[in-house]
Amino acid sequence: MIDVKNLYKSFGDHLVLDNISEHIFPGEKVVIIGPSGSGKSTFLRCLNLLETPTGGSITFQGTEITDPKVKIDQIRQQMGMVFQHFNLFPNMTIQKNITLAPVRTGLMKQEEADQTAKALLHRVGLEDKAEAYPNQLSGGQKQRIAIVRALAMKPKVMLFDEPTSALDPEMVGEVLDVMKELAREGMTMAVVTHEMGFAREVGSRVLFMDGGHIIEQNEPAEFFTHPKSERLKSFLEKVL
Amino acid sequence: MFQSFENWRDLIGPRLYRAFIEGDRWKLYLQGLGTTLELTVIALIFGVLLGLIVAVVRSAHDQQRIGRRNPVLSILNVLCQIYTTVIRGTPMLVQLFIWTFVIFPSQRNKVLVAFIGLGVNSGAYVAEIIRGGLMSVDAGQSEAGRSLGLNYFDTMRFIIIPQAFKAILPSLGNEFITLFKDTSLAQAIGGAEMLYYASTIGGRTFDYMPPLLGIAAMYLAVVIVFTWLQGKLERRLRESDRR
(Lines give C-alpha, C1' and ligand atoms only; values in the text may rest on other atoms or scores of the structure.)
Protein backbone atom coordinates (compact mmCIF):
# COMPACT_ATOMS: atom_id res chain seq x y z
CA MET A 1 0.00 0.00 0.00
CA ILE A 2 2.74 2.41 0.99
CA ASP A 3 6.19 1.54 -0.23
CA VAL A 4 9.16 3.50 1.04
CA LYS A 5 12.51 3.08 -0.71
CA ASN A 6 15.85 4.48 0.46
CA LEU A 7 14.26 7.45 2.19
CA TYR A 8 16.59 10.21 3.33
CA LYS A 9 15.64 13.39 5.09
CA SER A 10 17.94 16.03 6.46
CA PHE A 11 17.30 19.44 7.99
CA GLY A 12 20.34 21.44 6.93
CA ASP A 13 23.35 19.38 7.97
CA HIS A 14 21.35 17.27 10.37
CA LEU A 15 20.47 13.86 8.93
CA VAL A 16 17.13 12.78 10.45
CA LEU A 17 16.24 9.78 8.30
CA ASP A 18 19.08 7.65 7.02
CA ASN A 19 18.20 5.29 4.16
CA ILE A 20 14.87 3.90 5.33
CA SER A 21 13.06 1.28 3.29
CA GLU A 22 9.75 -0.07 4.55
CA HIS A 23 6.45 -1.37 3.29
CA ILE A 24 3.04 -0.92 4.87
CA PHE A 25 0.48 -3.48 3.71
CA PRO A 26 -3.29 -2.92 3.49
CA GLY A 27 -5.01 -3.51 6.83
CA GLU A 28 -1.76 -3.41 8.78
CA LYS A 29 -1.44 -1.46 12.03
CA VAL A 30 2.17 -0.38 12.14
CA VAL A 31 3.24 1.13 15.44
CA ILE A 32 6.44 3.15 15.49
CA ILE A 33 8.22 3.71 18.78
CA GLY A 34 11.55 5.15 19.76
CA PRO A 35 13.23 7.91 21.77
CA SER A 36 12.70 11.60 21.01
CA GLY A 37 14.66 12.78 18.03
CA SER A 38 14.86 9.29 16.55
CA GLY A 39 13.11 10.48 13.39
CA LYS A 40 9.83 8.61 13.91
CA SER A 41 7.59 11.67 13.52
CA THR A 42 9.59 12.86 10.53
CA PHE A 43 9.19 9.43 8.96
CA LEU A 44 5.42 9.59 9.42
CA ARG A 45 5.24 13.15 8.10
CA CYS A 46 7.19 12.14 5.02
CA LEU A 47 4.49 9.59 4.15
CA ASN A 48 2.02 12.34 3.19
CA LEU A 49 4.76 14.76 2.20
CA LEU A 50 4.23 17.23 5.04
CA GLU A 51 7.99 16.90 5.05
CA THR A 52 9.66 16.75 1.67
CA PRO A 53 12.15 13.86 1.56
CA THR A 54 15.71 14.79 0.67
CA GLY A 55 16.14 11.52 -1.20
CA GLY A 56 14.46 8.23 -1.99
CA SER A 57 10.94 7.45 -3.11
CA ILE A 58 7.51 6.83 -1.58
CA THR A 59 4.84 5.00 -3.52
CA PHE A 60 1.21 5.02 -2.44
CA GLN A 61 -1.14 2.58 -4.18
CA GLY A 62 1.06 2.44 -7.24
CA THR A 63 1.61 6.20 -7.52
CA GLU A 64 5.05 7.51 -6.79
CA ILE A 65 4.08 10.50 -4.66
CA THR A 66 7.62 11.84 -4.38
CA ASP A 67 7.46 12.61 -8.11
CA PRO A 68 7.18 16.42 -8.34
CA LYS A 69 4.47 16.12 -11.00
CA VAL A 70 2.05 14.27 -8.71
CA LYS A 71 -0.96 16.27 -7.50
CA ILE A 72 -0.26 15.89 -3.81
CA ASP A 73 -3.62 17.31 -2.68
CA GLN A 74 -5.42 14.35 -4.30
CA ILE A 75 -3.08 11.89 -2.59
CA ARG A 76 -3.52 13.54 0.78
CA GLN A 77 -7.30 13.25 0.46
CA GLN A 78 -6.82 9.50 0.81
CA MET A 79 -4.45 9.71 3.78
CA GLY A 80 -5.90 10.92 7.06
CA MET A 81 -3.58 12.45 9.61
CA VAL A 82 -3.99 13.07 13.32
CA PHE A 83 -1.59 15.41 15.09
CA GLN A 84 -0.18 15.60 18.60
CA HIS A 85 -1.69 19.04 19.12
CA PHE A 86 -5.03 18.22 17.43
CA ASN A 87 -4.85 21.27 15.12
CA LEU A 88 -8.59 21.77 15.01
CA PHE A 89 -9.57 25.02 13.31
CA PRO A 90 -10.51 27.38 16.18
CA ASN A 91 -12.39 29.77 13.89
CA MET A 92 -15.13 27.27 13.01
CA THR A 93 -17.62 25.01 14.72
CA ILE A 94 -16.93 21.30 15.11
CA GLN A 95 -19.45 20.58 12.37
CA LYS A 96 -17.65 22.95 10.01
CA ASN A 97 -14.26 21.53 11.01
CA ILE A 98 -15.44 18.13 9.85
CA THR A 99 -17.33 19.12 6.70
CA LEU A 100 -14.96 21.75 5.28
CA ALA A 101 -12.55 19.39 3.52
CA PRO A 102 -15.08 16.90 2.09
CA VAL A 103 -17.14 19.76 0.63
CA ARG A 104 -14.28 21.90 -0.68
CA THR A 105 -12.49 18.99 -2.31
CA GLY A 106 -15.71 17.97 -4.05
CA LEU A 107 -15.93 14.62 -2.29
CA MET A 108 -19.43 15.35 -0.93
CA LYS A 109 -22.24 17.86 -1.16
CA GLN A 110 -22.78 19.95 1.98
CA GLU A 111 -25.87 17.94 2.92
CA GLU A 112 -24.12 14.60 2.59
CA ALA A 113 -21.12 15.93 4.54
CA ASP A 114 -23.44 17.10 7.32
CA GLN A 115 -24.96 13.61 7.50
CA THR A 116 -21.51 12.03 7.57
CA ALA A 117 -20.36 14.40 10.29
CA LYS A 118 -23.42 13.60 12.36
CA ALA A 119 -22.91 9.86 12.04
CA LEU A 120 -19.20 10.10 12.86
CA LEU A 121 -19.83 12.35 15.86
CA HIS A 122 -22.40 9.88 17.11
CA ARG A 123 -19.85 7.12 16.80
CA VAL A 124 -17.41 8.89 19.13
CA GLY A 125 -20.20 10.01 21.46
CA LEU A 126 -19.87 13.72 20.73
CA GLU A 127 -22.99 14.41 18.67
CA ASP A 128 -24.02 17.18 21.09
CA LYS A 129 -20.81 19.11 20.29
CA ALA A 130 -21.56 19.75 16.62
CA GLU A 131 -22.21 23.46 17.14
CA ALA A 132 -19.48 23.97 19.75
CA TYR A 133 -16.13 25.61 19.04
CA PRO A 134 -12.85 23.72 19.58
CA ASN A 135 -11.74 25.72 22.62
CA GLN A 136 -14.89 24.70 24.47
CA LEU A 137 -13.74 21.07 24.41
CA SER A 138 -11.34 19.05 26.54
CA GLY A 139 -8.15 17.66 25.02
CA GLY A 140 -9.57 14.17 24.70
CA GLN A 141 -12.69 15.48 22.99
CA LYS A 142 -10.59 17.59 20.62
CA GLN A 143 -8.50 14.62 19.60
CA ARG A 144 -11.57 12.46 19.00
CA ILE A 145 -12.94 15.25 16.79
CA ALA A 146 -9.60 15.44 14.97
CA ILE A 147 -9.84 11.70 14.22
CA VAL A 148 -13.40 12.12 13.02
CA ARG A 149 -12.38 15.07 10.85
CA ALA A 150 -9.76 12.92 9.13
CA LEU A 151 -12.21 10.02 8.75
CA ALA A 152 -14.78 12.25 7.04
CA MET A 153 -12.54 12.22 3.98
CA LYS A 154 -12.93 8.41 3.85
CA PRO A 155 -9.16 7.86 3.82
CA LYS A 156 -7.52 4.57 2.85
CA VAL A 157 -4.87 4.93 5.55
CA MET A 158 -4.64 6.86 8.81
CA LEU A 159 -1.42 8.36 10.12
CA PHE A 160 -1.24 9.16 13.84
CA ASP A 161 1.55 11.42 15.09
CA GLU A 162 1.75 10.94 18.88
CA PRO A 163 -2.01 11.34 19.22
CA THR A 164 -2.06 10.99 23.01
CA SER A 165 1.16 12.77 24.00
CA ALA A 166 -0.47 16.15 24.67
CA LEU A 167 -3.37 14.72 26.69
CA ASP A 168 -4.06 14.57 30.40
CA PRO A 169 -3.50 10.98 31.54
CA GLU A 170 -7.18 10.39 32.22
CA MET A 171 -8.11 11.37 28.69
CA VAL A 172 -5.70 9.02 26.95
CA GLY A 173 -8.10 6.10 27.26
CA GLU A 174 -11.00 7.67 25.38
CA VAL A 175 -8.77 8.48 22.40
CA LEU A 176 -7.13 5.05 22.36
CA ASP A 177 -10.59 3.45 22.44
CA VAL A 178 -11.55 5.27 19.26
CA MET A 179 -8.30 4.17 17.63
CA LYS A 180 -8.81 0.57 18.72
CA GLU A 181 -12.28 0.52 17.24
CA LEU A 182 -10.89 1.91 14.01
CA ALA A 183 -8.26 -0.82 14.00
CA ARG A 184 -10.93 -3.50 14.51
CA GLU A 185 -12.79 -2.20 11.47
CA GLY A 186 -9.74 -2.96 9.38
CA MET A 187 -8.34 0.52 8.78
CA THR A 188 -4.71 0.62 7.70
CA MET A 189 -2.87 2.59 10.36
CA ALA A 190 0.59 3.96 11.02
CA VAL A 191 0.92 5.16 14.60
CA VAL A 192 3.81 6.98 16.24
CA THR A 193 3.25 6.67 19.97
CA HIS A 194 4.70 6.20 23.43
CA GLU A 195 1.74 4.02 24.49
CA MET A 196 3.38 0.61 24.78
CA GLY A 197 0.09 -0.96 25.86
CA PHE A 198 -1.55 0.20 22.67
CA ALA A 199 1.37 -1.05 20.58
CA ARG A 200 1.11 -4.47 22.19
CA GLU A 201 -2.66 -4.75 21.94
CA VAL A 202 -3.42 -3.22 18.55
CA GLY A 203 -0.23 -3.30 16.54
CA SER A 204 0.25 -5.93 13.87
CA ARG A 205 3.90 -4.89 13.67
CA VAL A 206 6.06 -2.70 15.85
CA LEU A 207 9.02 -0.70 14.52
CA PHE A 208 11.74 0.65 16.77
CA MET A 209 13.54 3.72 15.45
CA ASP A 210 16.70 5.39 16.69
CA GLY A 211 19.13 7.79 15.07
CA GLY A 212 17.25 7.86 11.78
CA HIS A 213 17.28 4.06 11.35
CA ILE A 214 14.71 1.35 11.91
CA ILE A 215 16.76 -0.69 14.36
CA GLU A 216 14.39 -3.55 14.91
CA GLN A 217 10.87 -4.68 14.03
CA ASN A 218 8.67 -7.60 14.91
CA GLU A 219 5.13 -8.62 15.75
CA PRO A 220 4.27 -7.14 19.15
CA ALA A 221 4.42 -10.18 21.46
CA GLU A 222 7.87 -11.16 20.26
CA PHE A 223 8.97 -7.51 20.06
CA PHE A 224 8.27 -6.79 23.70
CA THR A 225 9.22 -10.13 25.23
CA HIS A 226 12.33 -10.97 23.21
CA PRO A 227 13.99 -7.78 22.00
CA LYS A 228 17.12 -8.63 20.06
CA SER A 229 19.19 -5.45 19.85
CA GLU A 230 20.88 -3.97 22.91
CA ARG A 231 19.46 -0.54 22.05
CA LEU A 232 15.88 -1.80 22.13
CA LYS A 233 16.50 -3.76 25.32
CA SER A 234 17.74 -0.71 27.18
CA PHE A 235 14.90 1.41 25.71
CA LEU A 236 12.23 -1.06 26.82
CA GLU A 237 13.78 -1.37 30.28
CA LYS A 238 13.34 2.36 30.72
CA VAL A 239 9.81 2.72 29.42
CA LEU A 240 8.09 -0.47 30.62
CA MET B 1 -7.14 90.03 35.24
CA PHE B 2 -10.46 90.62 33.57
CA GLN B 3 -8.92 93.48 31.70
CA SER B 4 -6.26 91.25 30.24
CA PHE B 5 -8.82 88.68 29.14
CA GLU B 6 -10.64 91.37 27.21
CA ASN B 7 -7.39 92.44 25.61
CA TRP B 8 -6.70 88.87 24.65
CA ARG B 9 -10.18 88.46 23.21
CA ASP B 10 -9.82 91.62 21.17
CA LEU B 11 -6.48 90.40 19.89
CA ILE B 12 -7.45 86.82 19.07
CA GLY B 13 -11.10 87.26 18.13
CA PRO B 14 -10.53 89.00 14.80
CA ARG B 15 -7.82 86.51 13.86
CA LEU B 16 -10.13 83.58 14.51
CA TYR B 17 -12.89 85.37 12.66
CA ARG B 18 -10.70 85.90 9.63
CA ALA B 19 -9.35 82.36 9.68
CA PHE B 20 -12.60 80.47 10.10
CA ILE B 21 -15.71 82.58 9.57
CA GLU B 22 -15.09 85.35 7.10
CA GLY B 23 -16.24 84.34 3.62
CA ASP B 24 -17.55 81.00 4.97
CA ARG B 25 -13.99 79.72 5.22
CA TRP B 26 -15.01 76.95 7.62
CA LYS B 27 -16.55 75.22 4.63
CA LEU B 28 -13.11 74.96 3.06
CA TYR B 29 -11.76 73.18 6.15
CA LEU B 30 -14.60 70.69 6.01
CA GLN B 31 -14.04 70.23 2.31
CA GLY B 32 -10.36 69.61 3.05
CA LEU B 33 -11.25 67.14 5.80
CA GLY B 34 -13.52 65.34 3.35
CA THR B 35 -10.71 65.01 0.81
CA THR B 36 -8.29 63.94 3.54
CA LEU B 37 -10.62 61.16 4.74
CA GLU B 38 -11.36 60.13 1.18
CA LEU B 39 -7.64 59.96 0.42
CA THR B 40 -7.03 57.89 3.53
CA VAL B 41 -9.83 55.39 2.97
CA ILE B 42 -9.28 54.86 -0.74
CA ALA B 43 -5.49 54.69 -0.38
CA LEU B 44 -5.91 52.18 2.46
CA ILE B 45 -8.30 49.98 0.46
CA PHE B 46 -5.89 50.13 -2.47
CA GLY B 47 -3.02 49.42 -0.08
CA VAL B 48 -4.79 46.45 1.54
CA LEU B 49 -5.61 44.85 -1.81
CA LEU B 50 -2.06 45.37 -3.05
CA GLY B 51 -0.64 44.26 0.29
CA LEU B 52 -2.78 41.11 0.36
CA ILE B 53 -1.62 40.10 -3.11
CA VAL B 54 2.03 40.73 -2.23
CA ALA B 55 1.72 38.93 1.11
CA VAL B 56 0.05 35.86 -0.42
CA VAL B 57 2.59 35.70 -3.26
CA ARG B 58 5.48 35.96 -0.83
CA SER B 59 4.22 33.38 1.65
CA ALA B 60 3.10 31.03 -1.16
CA HIS B 61 6.62 31.25 -2.53
CA ASP B 62 8.17 30.52 0.85
CA GLN B 63 5.99 27.45 1.38
CA GLN B 64 6.69 25.71 -1.90
CA ARG B 65 7.98 22.17 -1.81
CA ILE B 66 11.63 21.75 -2.64
CA GLY B 67 12.03 20.61 -6.24
CA ARG B 68 8.61 22.02 -7.16
CA ARG B 69 9.52 25.67 -7.46
CA ASN B 70 7.11 27.43 -9.78
CA PRO B 71 9.17 29.80 -11.99
CA VAL B 72 6.29 32.28 -12.38
CA LEU B 73 5.91 32.47 -8.62
CA SER B 74 9.66 33.00 -8.22
CA ILE B 75 9.57 35.96 -10.62
CA LEU B 76 6.52 37.41 -8.88
CA ASN B 77 8.24 36.96 -5.53
CA VAL B 78 11.30 38.89 -6.71
CA LEU B 79 9.07 41.68 -8.06
CA CYS B 80 7.24 41.86 -4.74
CA GLN B 81 10.50 42.00 -2.84
CA ILE B 82 11.80 44.83 -5.04
CA TYR B 83 8.50 46.67 -4.55
CA THR B 84 8.53 46.50 -0.74
CA THR B 85 12.24 47.31 -0.55
CA VAL B 86 12.05 50.36 -2.81
CA ILE B 87 8.85 51.76 -1.34
CA ARG B 88 9.88 51.25 2.28
CA GLY B 89 13.39 52.52 1.60
CA THR B 90 12.52 55.88 0.06
CA PRO B 91 10.73 58.88 1.59
CA MET B 92 7.02 59.21 0.91
CA LEU B 93 7.39 62.81 -0.24
CA VAL B 94 10.04 61.85 -2.79
CA GLN B 95 7.70 59.13 -4.08
CA LEU B 96 4.84 61.61 -4.39
CA PHE B 97 7.08 64.01 -6.35
CA ILE B 98 8.15 61.20 -8.66
CA TRP B 99 4.52 60.24 -9.30
CA THR B 100 3.62 63.87 -9.99
CA PHE B 101 6.56 65.22 -11.96
CA VAL B 102 8.06 62.09 -13.55
CA ILE B 103 5.31 59.56 -14.09
CA PHE B 104 2.16 61.67 -14.51
CA PRO B 105 3.48 65.17 -15.40
CA SER B 106 0.41 66.03 -17.48
CA GLN B 107 -2.20 64.85 -14.97
CA ARG B 108 -4.03 67.91 -13.63
CA ASN B 109 -6.01 66.08 -10.97
CA LYS B 110 -3.44 66.06 -8.17
CA VAL B 111 -5.75 64.28 -5.73
CA LEU B 112 -5.86 61.34 -8.14
CA VAL B 113 -2.07 61.24 -8.24
CA ALA B 114 -2.05 61.37 -4.44
CA PHE B 115 -4.43 58.37 -4.31
CA ILE B 116 -1.98 56.36 -6.37
CA GLY B 117 1.11 57.55 -4.53
CA LEU B 118 -0.34 56.95 -1.08
CA GLY B 119 -1.96 53.64 -2.04
CA VAL B 120 1.21 52.21 -3.55
CA ASN B 121 3.16 53.38 -0.53
CA SER B 122 0.69 51.95 1.94
CA GLY B 123 0.56 48.62 0.07
CA ALA B 124 4.21 47.93 0.88
CA TYR B 125 3.64 48.42 4.60
CA VAL B 126 0.34 46.54 4.63
CA ALA B 127 2.00 43.64 2.80
CA GLU B 128 4.48 43.25 5.64
CA ILE B 129 1.70 43.58 8.23
CA ILE B 130 -0.37 40.87 6.53
CA ARG B 131 2.62 38.61 6.00
CA GLY B 132 3.46 38.92 9.69
CA GLY B 133 -0.15 38.06 10.54
CA LEU B 134 -0.16 35.01 8.28
CA MET B 135 3.08 33.79 9.83
CA SER B 136 1.69 34.27 13.33
CA VAL B 137 -0.87 31.49 12.75
CA ASP B 138 0.43 28.17 14.10
CA ALA B 139 2.06 26.08 11.37
CA GLY B 140 -0.07 23.14 12.54
CA GLN B 141 -3.18 24.85 11.18
CA SER B 142 -1.81 24.91 7.68
CA GLU B 143 -0.53 21.34 8.05
CA ALA B 144 -3.94 20.16 9.20
CA GLY B 145 -5.64 21.85 6.25
CA ARG B 146 -3.19 20.48 3.71
CA SER B 147 -3.21 16.99 5.27
CA LEU B 148 -6.96 16.87 4.64
CA GLY B 149 -6.27 17.43 0.95
CA LEU B 150 -7.29 21.09 0.81
CA ASN B 151 -5.22 23.08 -1.66
CA TYR B 152 -3.07 26.05 -0.69
CA PHE B 153 -5.65 28.72 -1.50
CA ASP B 154 -8.55 27.02 0.28
CA THR B 155 -6.32 26.54 3.32
CA MET B 156 -5.46 30.24 3.25
CA ARG B 157 -9.01 31.38 2.64
CA PHE B 158 -10.87 29.29 5.19
CA ILE B 159 -8.27 28.57 7.85
CA ILE B 160 -5.26 30.90 7.87
CA ILE B 161 -6.59 34.32 6.80
CA PRO B 162 -9.58 34.35 9.21
CA GLN B 163 -7.23 33.56 12.09
CA ALA B 164 -4.56 36.01 10.93
CA PHE B 165 -7.17 38.76 10.82
CA LYS B 166 -7.13 39.25 14.58
CA ALA B 167 -3.36 39.59 14.63
CA ILE B 168 -3.45 41.98 11.69
CA LEU B 169 -6.19 44.30 12.90
CA PRO B 170 -4.24 46.39 15.47
CA SER B 171 -1.35 47.03 13.07
CA LEU B 172 -3.78 47.82 10.29
CA GLY B 173 -5.40 50.40 12.57
CA ASN B 174 -2.01 51.99 13.13
CA GLU B 175 -1.41 52.00 9.40
CA PHE B 176 -4.73 53.84 8.97
CA ILE B 177 -3.63 56.49 11.48
CA THR B 178 -0.22 56.89 9.83
CA LEU B 179 -1.79 57.14 6.41
CA PHE B 180 -4.37 59.63 7.62
CA LYS B 181 -1.64 61.96 8.79
CA ASP B 182 0.57 61.33 5.77
CA THR B 183 -2.17 62.57 3.44
CA SER B 184 -1.01 66.05 4.42
CA LEU B 185 1.99 65.44 2.15
CA ALA B 186 -0.40 65.67 -0.80
CA GLN B 187 -0.40 69.41 -0.18
CA ALA B 188 3.14 69.56 -1.55
CA ILE B 189 1.98 68.33 -4.96
CA GLY B 190 -1.10 70.54 -4.94
CA GLY B 191 -3.65 68.03 -3.69
CA ALA B 192 -6.52 70.03 -2.20
CA GLU B 193 -6.75 68.41 1.24
CA MET B 194 -6.85 69.93 4.72
CA LEU B 195 -3.33 71.36 4.89
CA TYR B 196 -3.70 72.79 1.41
CA TYR B 197 -6.75 74.86 2.42
CA ALA B 198 -5.19 75.84 5.75
CA SER B 199 -2.05 77.19 4.12
CA THR B 200 -4.04 78.91 1.38
CA ILE B 201 -6.16 80.66 4.00
CA GLY B 202 -3.05 81.46 6.05
CA GLY B 203 -1.48 83.04 3.00
CA ARG B 204 -4.54 85.07 2.16
CA THR B 205 -5.04 86.45 5.69
CA PHE B 206 -1.32 86.83 6.40
CA ASP B 207 -1.91 84.83 9.60
CA TYR B 208 -0.93 81.16 9.67
CA MET B 209 -1.37 80.37 13.34
CA PRO B 210 -5.17 79.96 13.61
CA PRO B 211 -5.69 77.79 10.50
CA LEU B 212 -2.71 75.55 11.29
CA LEU B 213 -3.68 75.05 14.94
CA GLY B 214 -7.23 74.50 13.73
CA ILE B 215 -6.38 71.65 11.38
CA ALA B 216 -3.94 70.17 13.92
CA ALA B 217 -6.90 69.92 16.29
CA MET B 218 -9.01 68.33 13.55
CA TYR B 219 -6.34 65.71 12.80
CA LEU B 220 -6.02 64.98 16.49
CA ALA B 221 -9.77 64.66 16.98
CA VAL B 222 -10.12 62.15 14.14
CA VAL B 223 -7.18 60.09 15.42
CA ILE B 224 -8.59 60.03 18.97
CA VAL B 225 -12.02 58.92 17.76
CA PHE B 226 -10.49 56.26 15.54
CA THR B 227 -8.21 54.93 18.28
CA TRP B 228 -11.22 54.63 20.56
CA LEU B 229 -13.20 52.71 17.92
CA GLN B 230 -10.23 50.45 17.28
CA GLY B 231 -9.93 49.65 20.98
CA LYS B 232 -13.60 48.75 21.12
CA LEU B 233 -13.35 46.45 18.14
CA GLU B 234 -10.30 44.68 19.54
CA ARG B 235 -12.07 44.09 22.85
CA ARG B 236 -14.98 42.56 20.97
CA LEU B 237 -12.65 40.24 19.07
CA ARG B 238 -10.90 39.20 22.27
CA GLU B 239 -14.22 38.36 23.84
CA SER B 240 -15.12 36.14 20.91
CA ASP B 241 -11.86 34.28 21.65
CA ARG B 242 -13.15 33.27 25.04
CA ARG B 243 -16.30 31.87 23.55
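In what follows, the structure referred to is the one given above.
Residues numbered from 1 in each chain as written. Chains lettered and ligands numbered in written order. Predicted model: local features only at pLDDT ≥ 70, side-chain atom pairs only at ≥ 80, totals over all residues. Heavy atoms only, no water.

Caption draft 1: Summary view of unusual backbone geometry. Residues and elements named next belong to chain A. Of note in this structure, Leu 49 is not a glycine but carries a positive phi near 60°. Here Leu 49 lies in the loop between helix H1 (40-47) and strand S4 (55-60). The backbone of Glu 162 shows a phi angle near 45°, a positive value even though the residue is not glycine. Tracing the backbone through its elements, the reader meets Glu 162 in the loop between strand S7 (157-161) and helix H6 (169-184). (Helix = DSSP H or I, 4+ residues; strand = E, 2+ residues; numbered from the N terminus.)

Caption draft 2: Region of interest: the packing of helix H2 (residues 25-62) of chain B against helix H7 (residues 152-182) of chain B. Residue and element names in this part refer to chain B. Interhelical geometry of H2 versus H7 gives an angle of 140° and a closest axis separation of 11 Å. Taken together, H2 and H7 sit at an angle that is classed as oblique. The handedness of the crossing between H2 and H7 is right-handed. Of the residues in H7, those in contact with Thr 36, Leu 37, Thr 40, Val 41, Ala 43, Leu 44, Val 48, Val 56, Ser 59 and Ala 60 of H2 are Tyr 152, Phe 153, Met 156, Leu 172, Glu 175, Phe 176, Leu 179 and Phe 180. Its residues placed into classes, the contact of H2 with H7 shows 14 nonpolar, 3 polar and 1 charged. (Axes fitted to C-alpha atoms, helices over the stretch in contact; angles between N-to-C directions. Parallel < 35°, antiparallel > 145°, perpendicular 65-115°, else oblique. Left-handed = near helix turned anticlockwise from the far one by under 90°. Contact = heavy atoms within 4.5 Å. Nonpolar A, V, L, I, M, F, W, Y, C, P; charged D, E, K, R; others polar.)

Caption draft 3: Summary view of the interface of chain A and chain B. At the junction of the two partners, chain A supplies 31 residues and chain B supplies 24 residues. Carbon and sulfur atoms make up 53% of the area that chain A and chain B hide from each other, which totals about 2400 Å². Viewed at the interface, chain B and chain A are joined by 3 salt bridges. The tally of links from chain A across to chain B stands at 7 residue pairs in polar contact (both at pLDDT 80 or more). The class makeup of the residues in the side of chain A that touches chain B is 18 nonpolar, 8 polar and 5 charged. (Buried area = accessible area lost by both parts, 1.4 Å probe. Salt bridge = Lys/Arg side-chain N within 4 Å of Asp/Glu carboxyl O. Polar contact = N/O pair within 3.5 Å; in protein donor to acceptor, adjacent residues only side chain to side chain.)

Caption draft 4: Spotlight on the packing of aromatic side chains. All told, the structure shown has 9 aromatic pairs over all chains when counted by the stated rule. Ring centres of Phe 223 of chain A and Phe 224 of chain A lie 5.1 Å apart, and the angle between their planes is 75°; on these two criteria the pair is classed as edge-to-face. Classification of Phe 224 of chain A as buried rests on a relative accessible area of 7%. Taken together, a centroid distance of 5.2 Å and an interplanar angle of 85° make the contact between Tyr 152 of chain B and Phe 153 of chain B edge-to-face. Above the ring of Phe 89 of chain A, the side-chain terminus of Arg 149 of chain A is found at 4.4 Å from the ring centroid. Looking at Arg 200 of chain A, its charged tip hangs above the ring of Phe 224 of chain A, at a distance of 4.8 Å from the centre. (Phe/Tyr/Trp six-rings, centres within 6.5 Å; stacked < 30°, edge-to-face > 60°. Buried < 20%, exposed > 50% of the residue type's maximum accessible area, 1.4 Å probe, protein only. Lys NZ or Arg CZ within 6 Å of the ring centre and 35° of its normal.)

Caption draft 5: Local environment of the sheet that holds strand S10 (residues 213-218) of chain A. All names here are of chain A. With mixed pairing, the 6 strands of this open sheet are ordered in space as S6-S7-S8-S3-S9-S10. Where the open sheet ends on each side, the last strands, each with one partner, are strand S6 (79-82) and S10. If you compare each strand with its neighbour and ignore which way they point, the axes differ by 20° on average. Strands in contact with helix H5 (residues 139-151) are S6 and S7; relative to S6, the strand with the most contacts, it is inclined by about 170°. (Pairing = 2+ DSSP bridges.)

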